[in-house]
Amino acid sequence: MAARRSWRLGAIVILCLTGASCREPEPAPTELSEQMQEDLRLAIPRVGGPSEEFLVAKTPAEIATAAENALEDSGVRVVRKDSAAQRSWLLGKSLADRNVLVQALPVHPGRSAVRVTVEGDDALARELLQRLSADLVQML
């Protein structure tokens, strides 16, 4: 009697495992899908809230390193970043769980526009924005 039950149980387990492994294969990535994934990865994130913009005599790559230091000094953790010759940006999360975006776009050779945006429209966001902007101006 026990052998009959264990045989049935064994058969059920084998059928379940076989059925679970019978999935359709995932499609192979195409060139278009890979290009779309790359575009999504490089896209500048959007952050809504107050922002400040100022001009500095630095390249976007130099601004990115200074911005990363300024964000760390203010307690903002860098989540994503992208640095290229044309532009650079950093997305961070503040201690108050707010998104912070620092963008550097070249205006002329050797001069760039820096834009700092903090998510939210309250006193905390404006205070963080003022502190970050002042730290960046001081570092640059």
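Note that the structure is predicted; figures quoted are calculated from it, not measured. Starting from 1, residues in each chain are numbered consecutively following that chain's sequence as written. Given that the model is predicted, a residue must reach a pLDDT of at least 70 before its local features are reported, and side-chain atom pairs must reach 80 or more before they are shown or counted; all residues, however, enter totals for whole chains, interfaces and linings. Processing note: side-chain calculations cover all non-hydrogen atoms of the structure and skip hydrogens and water entirely.

Caption draft 1: Geometry of the pairing of strand E5 (residues 111-118). Burial classes follow relative accessibility: with a 1.4 Å probe on protein chains only, a residue under 20% of its type's maximum area counts as buried, one over 50% as exposed, and anything between as partly exposed. Per the convention used, a helix needs a DSSP run of H or I reaching at least four residues, while a strand needs a run of E reaching at least two, with both numbered from the N terminus. Along E5, six of the eight residues are buried, which leaves the element largely enclosed by surrounding structure. Bridge analysis of strand E1 (residues 51-56) against E5 gives six bridges, and the strand direction is antiparallel. Looking across to E5, one finds that Glu53 is bridged to Arg115. For strand E4 (residues 99-108) and E5, the ladder comprises eight bridges, and the chain directions are antiparallel. Across the sheet, residue His108 finds its bridge partner in E5, namely Arg111. Any two strands with at least two DSSP bridges between them are considered paired. Counted between consecutive antiparallel strands, the loop separating E4 from E5 contains two residues, among which Gly110 sits at a positive phi close to 90°.

Caption draft 2: Summary view of helix H4 (residues 123-139). If you check H4, its first and last C-alpha atoms are 24 Å apart, about what 17 residues at 1.5 Å a residue would give, namely 24 Å. Among the structural elements, E1, helix H3 (60-73), E4 and E5 are those in contact with the buried residues of H4. Expected helix span is computed as 1.5 Å times (number of residues minus one). Working rule for contacts: check all heavy atoms of both residues, and any pair within 4.5 Å makes them a contact.

Caption draft 3: Region of interest: H3. With 14 residues, H3 should reach 20 Å at 1.5 Å per residue; the first-to-last C-alpha distance of 20 Å fits that figure. Summarising the contacts, the buried residues of H3 are in contact with E1, strand E2 (77-83), strand E3 (88-93), E4, E5 and H4. Just downstream of H3, Gly75 is the residue with a positive phi angle, here 85°.

Caption draft 4: Broad picture of unusual backbone geometry. Unlike most non-glycine residues, Asp97 shows phi in positive territory, near 60°. You can see Asp97 is positioned in the loop between E3 and E4.

Caption draft 5: Molecular detail of the sheet that holds E1. One open sheet holds the five strands; their spatial order is E1-E5-E4-E3-E2, and the pairing between them is antiparallel. Each edge of the open sheet carries a strand with a single partner, namely E1 and E2. Averaged over all pairs of adjacent strands, the angle between strand axes in this sheet comes to 15°, irrespective of strand direction. Its contacts with the sheet place H4 against E1, E4 and E5, and it is angled at close to 155° to E5. Axis lines are fitted to C-alpha atoms, over the contacting stretch for helices. Their N-to-C directions set the angle, which ranges from 0 to 180 degrees.

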